[in-house]
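# Observations on the three-dimensional arrangement
Given next are the chains, with one letter for each unit.
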Amino acid sequence: MEFIERSSEPAYLSENKKQWTKHWVDHYRENKNVNGKLLKERKPSDSHWLHDLIRKVLINDFKNNCGYCGSIRPTPISEEARVPRGHVDHYRAKAKYPELTYEWTNYIWSCESCNVEKGEFDDLEYPILNPCELSDCGIVEFIIDTGAYCIKNMCQAHKLRFKNTEEKTMINANVINVKRKNRVKFIISNFETINTLMPFSNDNESINELIKENIKNILNSLEDQEFYFLIQKNYLDLRDKHIDVAKLIDDNCS
Ligand SMILES: [Zn+2]
(Lines give C-alpha, C1' and ligand atoms only; values in the text may rest on other atoms or scores of the structure.)
Protein backbone atom coordinates (compact mmCIF):
# COMPACT_ATOMS: atom_id res chain seq x y z
CA MET A 1 0.00 0.00 0.00
CA GLU A 2 1.43 3.34 -1.07
CA PHE A 3 0.77 6.65 0.65
CA ILE A 4 -1.63 8.94 -1.20
CA GLU A 5 -1.78 12.60 -0.30
CA ARG A 6 -5.28 13.94 -0.37
CA SER A 7 -5.96 17.45 -1.63
CA SER A 8 -8.14 19.78 0.39
CA GLU A 9 -11.85 19.18 0.65
CA PRO A 10 -13.76 20.22 -2.50
CA ALA A 11 -15.81 23.38 -1.94
CA TYR A 12 -18.97 21.69 -3.23
CA LEU A 13 -18.67 19.19 -0.39
CA SER A 14 -17.80 21.77 2.29
CA GLU A 15 -20.77 23.90 1.34
CA ASN A 16 -23.32 21.11 1.45
CA LYS A 17 -22.13 18.36 3.72
CA LYS A 18 -23.96 19.52 6.81
CA GLN A 19 -27.41 19.24 5.24
CA TRP A 20 -26.55 16.09 3.28
CA THR A 21 -25.20 14.33 6.37
CA LYS A 22 -28.33 15.04 8.38
CA HIS A 23 -30.46 12.51 6.42
CA TRP A 24 -27.96 9.76 7.11
CA VAL A 25 -27.58 10.54 10.80
CA ASP A 26 -31.39 10.78 11.18
CA HIS A 27 -31.79 7.43 9.46
CA TYR A 28 -29.17 5.48 11.38
CA ARG A 29 -29.17 7.24 14.73
CA GLU A 30 -32.62 8.68 15.33
CA ASN A 31 -35.14 6.31 13.78
CA LYS A 32 -34.75 3.40 16.14
CA ASN A 33 -37.29 1.72 18.39
CA VAL A 34 -36.54 0.85 22.02
CA ASN A 35 -34.76 -2.32 20.91
CA GLY A 36 -32.41 -0.33 18.69
CA LYS A 37 -34.04 -1.62 15.49
CA LEU A 38 -34.28 0.82 12.59
CA LEU A 39 -37.79 2.13 12.05
CA LYS A 40 -37.25 3.36 8.50
CA GLU A 41 -36.45 0.43 6.26
CA ARG A 42 -35.13 2.41 3.34
CA LYS A 43 -31.83 4.16 3.75
CA PRO A 44 -31.34 7.59 2.17
CA SER A 45 -30.93 7.39 -1.58
CA ASP A 46 -28.60 10.36 -2.11
CA SER A 47 -25.02 9.73 -3.16
CA HIS A 48 -23.55 13.18 -3.74
CA TRP A 49 -20.06 11.73 -3.27
CA LEU A 50 -20.45 10.51 -6.85
CA HIS A 51 -20.87 14.05 -8.12
CA ASP A 52 -18.06 14.98 -10.51
CA LEU A 53 -17.09 17.96 -8.33
CA ILE A 54 -16.21 15.48 -5.59
CA ARG A 55 -15.45 12.20 -7.32
CA LYS A 56 -13.12 13.66 -9.95
CA VAL A 57 -11.00 15.36 -7.29
CA LEU A 58 -10.68 12.01 -5.52
CA ILE A 59 -9.82 10.18 -8.76
CA ASN A 60 -7.18 12.78 -9.51
CA ASP A 61 -5.63 12.50 -6.05
CA PHE A 62 -5.49 8.71 -6.38
CA LYS A 63 -4.39 8.87 -10.06
CA ASN A 64 -7.32 6.52 -10.60
CA ASN A 65 -5.43 3.85 -8.61
CA CYS A 66 -7.32 1.79 -6.07
CA GLY A 67 -6.06 3.05 -2.71
CA TYR A 68 -5.92 -0.47 -1.31
CA CYS A 69 -4.42 -2.59 -4.11
CA GLY A 70 -3.12 -0.03 -6.62
CA SER A 71 -4.94 -1.50 -9.59
CA ILE A 72 -6.91 0.57 -12.07
CA ARG A 73 -10.50 0.06 -13.02
CA PRO A 74 -11.69 2.14 -15.93
CA THR A 75 -13.80 5.12 -15.00
CA PRO A 76 -17.05 5.04 -16.98
CA ILE A 77 -17.67 7.69 -19.58
CA SER A 78 -21.32 7.70 -18.64
CA GLU A 79 -23.25 6.34 -15.69
CA GLU A 80 -24.88 3.78 -18.00
CA ALA A 81 -21.57 2.24 -19.07
CA ARG A 82 -21.56 -1.31 -17.77
CA VAL A 83 -17.85 -1.71 -17.19
CA PRO A 84 -16.04 -2.57 -13.99
CA ARG A 85 -15.35 0.78 -12.46
CA GLY A 86 -13.84 2.52 -9.53
CA HIS A 87 -15.85 3.24 -6.43
CA VAL A 88 -15.86 5.91 -3.78
CA ASP A 89 -15.28 3.71 -0.76
CA HIS A 90 -16.36 4.96 2.66
CA TYR A 91 -13.37 3.93 4.79
CA ARG A 92 -15.66 3.95 7.80
CA ALA A 93 -18.96 2.43 6.69
CA LYS A 94 -21.99 4.73 6.39
CA ALA A 95 -24.24 2.41 8.38
CA LYS A 96 -21.97 2.50 11.41
CA TYR A 97 -20.63 6.04 11.07
CA PRO A 98 -23.40 8.04 9.37
CA GLU A 99 -21.70 11.24 10.62
CA LEU A 100 -18.84 10.42 8.24
CA THR A 101 -20.99 9.86 5.14
CA TYR A 102 -19.95 13.22 3.71
CA GLU A 103 -16.55 13.49 5.34
CA TRP A 104 -13.88 14.07 2.69
CA THR A 105 -11.19 12.21 4.66
CA ASN A 106 -13.47 9.17 4.79
CA TYR A 107 -13.36 8.66 1.01
CA ILE A 108 -10.96 6.20 -0.58
CA TRP A 109 -10.95 5.70 -4.35
CA SER A 110 -11.18 1.96 -4.69
CA CYS A 111 -11.54 -0.78 -7.27
CA GLU A 112 -14.84 -2.64 -7.30
CA SER A 113 -13.25 -5.83 -5.92
CA CYS A 114 -11.76 -4.10 -2.87
CA ASN A 115 -14.91 -2.08 -2.24
CA VAL A 116 -17.20 -5.11 -2.41
CA GLU A 117 -14.85 -7.33 -0.42
CA LYS A 118 -14.53 -4.72 2.31
CA GLY A 119 -18.30 -4.07 2.45
CA GLU A 120 -19.27 -2.78 5.86
CA PHE A 121 -16.37 -4.46 7.60
CA ASP A 122 -15.23 -2.54 10.62
CA ASP A 123 -12.82 -3.40 13.38
CA LEU A 124 -12.49 -0.48 15.77
CA GLU A 125 -9.32 -1.80 17.35
CA TYR A 126 -7.62 -3.17 14.24
CA PRO A 127 -9.03 -1.27 11.25
CA ILE A 128 -7.71 -2.02 7.79
CA LEU A 129 -4.80 0.17 6.72
CA ASN A 130 -5.66 3.58 5.33
CA PRO A 131 -3.64 4.62 2.24
CA CYS A 132 -4.07 8.30 3.13
CA GLU A 133 -2.39 7.84 6.51
CA LEU A 134 1.39 8.02 6.30
CA SER A 135 1.79 6.05 9.53
CA ASP A 136 -0.42 3.23 8.19
CA CYS A 137 1.58 2.98 4.97
CA GLY A 138 4.77 2.89 7.03
CA ILE A 139 3.68 -0.41 8.55
CA VAL A 140 4.08 -2.29 5.26
CA GLU A 141 6.80 -2.75 2.69
CA PHE A 142 6.79 -3.94 -0.88
CA ILE A 143 8.66 -7.16 -1.73
CA ILE A 144 10.00 -6.97 -5.28
CA ASP A 145 10.52 -10.74 -5.65
CA THR A 146 6.88 -11.55 -4.98
CA GLY A 147 5.08 -8.30 -5.78
CA ALA A 148 3.31 -8.61 -2.42
CA TYR A 149 3.25 -6.33 0.61
CA CYS A 150 4.30 -7.54 4.05
CA ILE A 151 4.56 -5.93 7.45
CA LYS A 152 7.87 -4.50 8.55
CA ASN A 153 7.81 -5.80 12.10
CA MET A 154 6.04 -8.35 14.24
CA CYS A 155 4.14 -5.89 16.44
CA GLN A 156 0.88 -7.67 17.30
CA ALA A 157 -1.37 -4.69 16.51
CA HIS A 158 0.30 -4.19 13.12
CA LYS A 159 -0.05 -7.89 12.40
CA LEU A 160 -3.79 -7.84 13.09
CA ARG A 161 -4.40 -4.69 11.08
CA PHE A 162 -2.47 -6.14 8.16
CA LYS A 163 -4.33 -9.45 8.45
CA ASN A 164 -7.64 -7.58 8.22
CA THR A 165 -6.33 -5.57 5.26
CA GLU A 166 -5.27 -8.74 3.45
CA GLU A 167 -8.60 -10.44 4.12
CA LYS A 168 -10.84 -7.50 3.27
CA THR A 169 -9.06 -6.00 0.24
CA MET A 170 -7.14 -7.26 -2.79
CA ILE A 171 -3.83 -5.83 -1.51
CA ASN A 172 -2.14 -9.23 -1.81
CA ALA A 173 -4.32 -10.96 -4.38
CA ASN A 174 -2.13 -13.25 -6.49
CA VAL A 175 -3.12 -11.81 -9.82
CA ILE A 176 -2.32 -8.28 -8.65
CA ASN A 177 0.97 -9.28 -7.03
CA VAL A 178 2.15 -10.79 -10.34
CA LYS A 179 1.26 -7.61 -12.23
CA ARG A 180 3.02 -5.43 -9.64
CA LYS A 181 6.13 -7.63 -9.60
CA ASN A 182 6.39 -7.57 -13.41
CA ARG A 183 5.94 -3.81 -13.61
CA VAL A 184 8.61 -3.06 -10.99
CA LYS A 185 11.06 -5.69 -12.28
CA PHE A 186 10.72 -4.31 -15.80
CA ILE A 187 11.77 -0.83 -14.78
CA ILE A 188 14.64 -2.21 -12.67
CA SER A 189 15.93 -4.35 -15.53
CA ASN A 190 15.89 -1.38 -17.91
CA PHE A 191 17.90 0.72 -15.46
CA GLU A 192 20.39 -2.10 -14.92
CA THR A 193 20.78 -2.76 -18.64
CA ILE A 194 21.58 0.90 -19.28
CA ASN A 195 24.01 0.89 -16.38
CA THR A 196 25.82 -2.14 -17.83
CA LEU A 197 25.90 -0.76 -21.38
CA MET A 198 27.01 2.80 -20.59
CA PRO A 199 30.78 2.11 -20.31
CA PHE A 200 30.69 0.64 -23.84
CA SER A 201 28.62 3.31 -25.49
CA ASN A 202 31.39 5.50 -26.94
CA ASP A 203 30.61 5.89 -30.63
CA ASN A 204 29.02 2.49 -30.71
CA GLU A 205 25.84 2.96 -32.71
CA SER A 206 24.16 -0.33 -31.80
CA ILE A 207 24.84 0.04 -28.07
CA ASN A 208 23.51 3.60 -28.17
CA GLU A 209 20.38 2.34 -29.88
CA LEU A 210 19.92 -0.27 -27.17
CA ILE A 211 20.33 2.35 -24.45
CA LYS A 212 17.74 4.56 -26.16
CA GLU A 213 15.32 1.67 -26.31
CA ASN A 214 15.73 1.04 -22.58
CA ILE A 215 15.21 4.71 -21.81
CA LYS A 216 12.03 4.62 -23.88
CA ASN A 217 10.85 1.59 -21.92
CA ILE A 218 11.38 3.44 -18.64
CA LEU A 219 9.55 6.56 -19.85
CA ASN A 220 6.64 4.49 -21.19
CA SER A 221 6.51 2.65 -17.91
CA LEU A 222 6.11 5.95 -16.05
CA GLU A 223 3.18 6.89 -18.25
CA ASP A 224 1.23 3.76 -17.46
CA GLN A 225 -0.99 4.89 -14.60
CA GLU A 226 -1.53 1.53 -12.91
CA PHE A 227 0.42 1.18 -9.62
CA TYR A 228 1.37 4.81 -10.19
CA PHE A 229 2.65 5.53 -6.67
CA LEU A 230 4.63 2.29 -6.42
CA ILE A 231 6.28 2.83 -9.81
CA GLN A 232 7.13 6.46 -9.00
CA LYS A 233 8.72 5.44 -5.71
CA ASN A 234 10.80 2.71 -7.35
CA TYR A 235 11.77 5.06 -10.18
CA LEU A 236 13.09 7.64 -7.71
CA ASP A 237 14.99 4.95 -5.77
CA LEU A 238 16.55 3.71 -9.02
CA ARG A 239 17.57 7.25 -9.98
CA ASP A 240 19.33 7.60 -6.62
CA LYS A 241 21.04 4.25 -7.10
CA HIS A 242 22.12 4.84 -10.72
CA ILE A 243 22.91 8.55 -10.88
CA ASP A 244 24.58 8.34 -14.32
CA VAL A 245 21.56 6.57 -15.78
CA ALA A 246 19.28 9.24 -14.29
CA LYS A 247 21.38 11.95 -15.95
CA LEU A 248 21.19 10.13 -19.28
CA ILE A 249 17.40 9.87 -19.01
CA ASP A 250 17.17 13.61 -18.25
CA ASP A 251 19.45 14.47 -21.19
CA ASN A 252 17.28 12.31 -23.40
CA CYS A 253 14.13 14.14 -22.31
CA SER A 254 15.50 17.66 -22.74
ZN1 LIG B 1 -8.38 -2.64 -5.14
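### What to know about empty space enclosed by the protein
Tallied over the entire structure, the rule returns 2 cavities of 30 Å³ or more. In this structure, the largest cavity occupies an estimated 110 Å³ of space. Lining the largest cavity are 14 residues, with Glu 2, Cys 66, Cys 69, Gly 70 and Tyr 149 sitting closest to its centre. Taken together, the residues that form the lining of the largest cavity break down as 9 nonpolar, 3 polar and 2 charged. For the lining of the largest cavity, the domains that each give at least three residues are domain 1 (11-122) and domain 2 (175-253). In this structure, the second largest cavity occupies an estimated 50 Å³ of space. Lining the second largest cavity are Tyr 91, Arg 92, Lys 118, Phe 121, Asp 122, Asp 123, Pro 127 and Ile 128. Of the residues that constitute the lining of the second largest cavity, the class distribution is 4 nonpolar, no polar and 4 charged.

### What about the pairing of strand E4 (residues 148-151)?
Here 4 bridges tie strand E3 (residues 140-143) to E4, and the two strands are oriented antiparallel to one another. Directly across from Ile 143, in E4, lies its bridge partner Ala 148. Connecting E3 to the next strand, E4, in antiparallel fashion are 4 residues, including Gly 147 with a positive phi near 80°.

### So, the coordination of the zinc ion
Within the protein, the atoms that donate to the zinc ion are Cys 66 (SG), Cys 69 (SG), Cys 111 (SG) and Cys 114 (SG), at distances of 2.3 to 2.4 Å. Along the chain, the residues donating to the zinc ion fall in the pattern C-x2-C-x41-C-x2-C. With Cys 69 in the loop between helix H2 (52-61) and strand E1 (87-90) and Cys 114 in helix H3 (residues 112-118), the pair connects residues that are 45 residues apart, well separated along the chain. Assigned by exposure class, Cys 69 and Cys 114 land together as buried.

### Side note on the packing of helix H7 (residues 205-223) against helix H9 (residues 243-253)
With their axes 11 Å apart at the nearest point, H7 and H9 run at an angle of 85° to one another. By the angle between their directions, the pair H7 and H9 is classed as roughly perpendicular. Side by side, H7 and H9 meet where Ile 211, Lys 212, Ile 215, Ile 218 and Leu 219 of the first sit next to Leu 248, Ile 249, Asn 252 and Cys 253 of the second. Here the residues of the contact of H7 with H9 sort into 7 nonpolar, 1 polar and 1 charged.

### Observations concerning the packing of aromatic side chains
For the structure on display, the rule yields 9 aromatic pairs. Through a chain of ring-to-ring contacts, the aromatic side chains of Tyr 12, Trp 20, Trp 24, Tyr 28, Trp 49 and Tyr 102 assemble into a single cluster. Seen from the ring of Trp 104, Arg 6 lies directly overhead, with NZ or CZ sitting 5.6 Å from the centre.

### Describing the domain arrangement of the chain
Structurally, the chain comprises domain 1 (11-122) and domain 2 (175-253). Domain 1 puts 8 residues into the contact, and the matching count from domain 2 is 7 residues. Of the roughly 650 Å² buried between domain 1 and domain 2 on both sides combined, carbon and sulfur atoms contribute 59%. Summed over the shared surface of domain 1 and domain 2, the result is 6 residue pairs in polar contact (both at pLDDT 80 or more). Grouping the constituent residues of the side of domain 1 that touches domain 2 by class yields 3 nonpolar, 3 polar and 2 charged.

### Section: the nonpolar core
Counting residues in hydrophobic clusters, the biggest one holds 56 residues, and the most contacted among them are Tyr 68, Tyr 107, Val 140, Ile 187 and Phe 191. Broken down by element, this core gets its largest block of residues, 7 residues, from helix H6 (residues 174-197). Counting the residues that make up this core, at least three belong to each of domain 1 (11-122) and domain 2 (175-253). Those residues within four positions of Tyr 107 in sequence are excluded, and the remaining contacts are Arg 6, Leu 13, Trp 49, Ile 54, Leu 58, Phe 62, Val 88, Asp 89, His 90, Thr 101 and Tyr 102.

### Focus: the layout of surface pockets
Of the volumes computed, that of the largest pocket is approximately 460 Å³. Lining the largest pocket are 23 residues, and of these Trp 49, Val 88, His 90, Lys 94 and Asn 115 lie nearest its centre. Counting residues per element, the lining of the largest pocket draws most heavily on E1, which supplies 4 residues. Per-class residue counts for the lining of the largest pocket are 8 nonpolar, 7 polar and 8 charged. Roughly 360 Å³ of volume is contained in the second largest pocket. Considering the residues around the second largest pocket, the lining is formed by 19 residues, among which Met 1, Glu 2, Phe 3, Phe 229 and Lys 233 are closest to the centre. Of all the secondary structure elements, the ones that give two or more residues to the lining of the second largest pocket are helix H4 (134-137), E3 and helix H8 (228-241). When residues in the lining of the second largest pocket are grouped by element, the largest group, 7 residues, is from H8. Partitioned by chemical class, the residues of the lining of the second largest pocket number 11 nonpolar, 3 polar and 5 charged.

How each quantity is defined
Residues numbered from 1 in each chain as written. Predicted model: local features only at pLDDT ≥ 70, side-chain atom pairs only at ≥ 80, totals over all residues. Heavy atoms only, no water. 1 Å grid on protein atoms, 1.4 Å probe; cavity = no way out; pocket = protein on both sides within 12 Å on 5 of 7 lines; lining within 4 Å. Points joined across faces, edges and corners; volume = space filled by probe spheres on them. Nonpolar A, V, L, I, M, F, W, Y, C, P; charged D, E, K, R; others polar. Domains from an automatic or database assignment. Pairing = 2+ DSSP bridges. Helix = DSSP H or I, 4+ residues; strand = E, 2+ residues; numbered from the N terminus. Donors = N, O, S within 2.8 Å, 3.2 Å for Na, K, Ca; no water. Buried < 20%, exposed > 50% of the residue type's maximum accessible area, 1.4 Å probe, protein only. Axes fitted to C-alpha atoms, helices over the stretch in contact; angles between N-to-C directions. Parallel < 35°, antiparallel > 145°, perpendicular 65-115°, else oblique. Contact = heavy atoms within 4.5 Å. Phe/Tyr/Trp six-rings, centres within 6.5 Å; stacked < 30°, edge-to-face > 60°. Lys NZ or Arg CZ within 6 Å of the ring centre and 35° of its normal. Buried area = accessible area lost by both parts, 1.4 Å probe. Polar contact = N/O pair within 3.5 Å; in protein donor to acceptor, adjacent residues only side chain to side chain. Core = buried A, V, L, I, M, F, W, Y, C linked by side-chain atoms within 4.5 Å.

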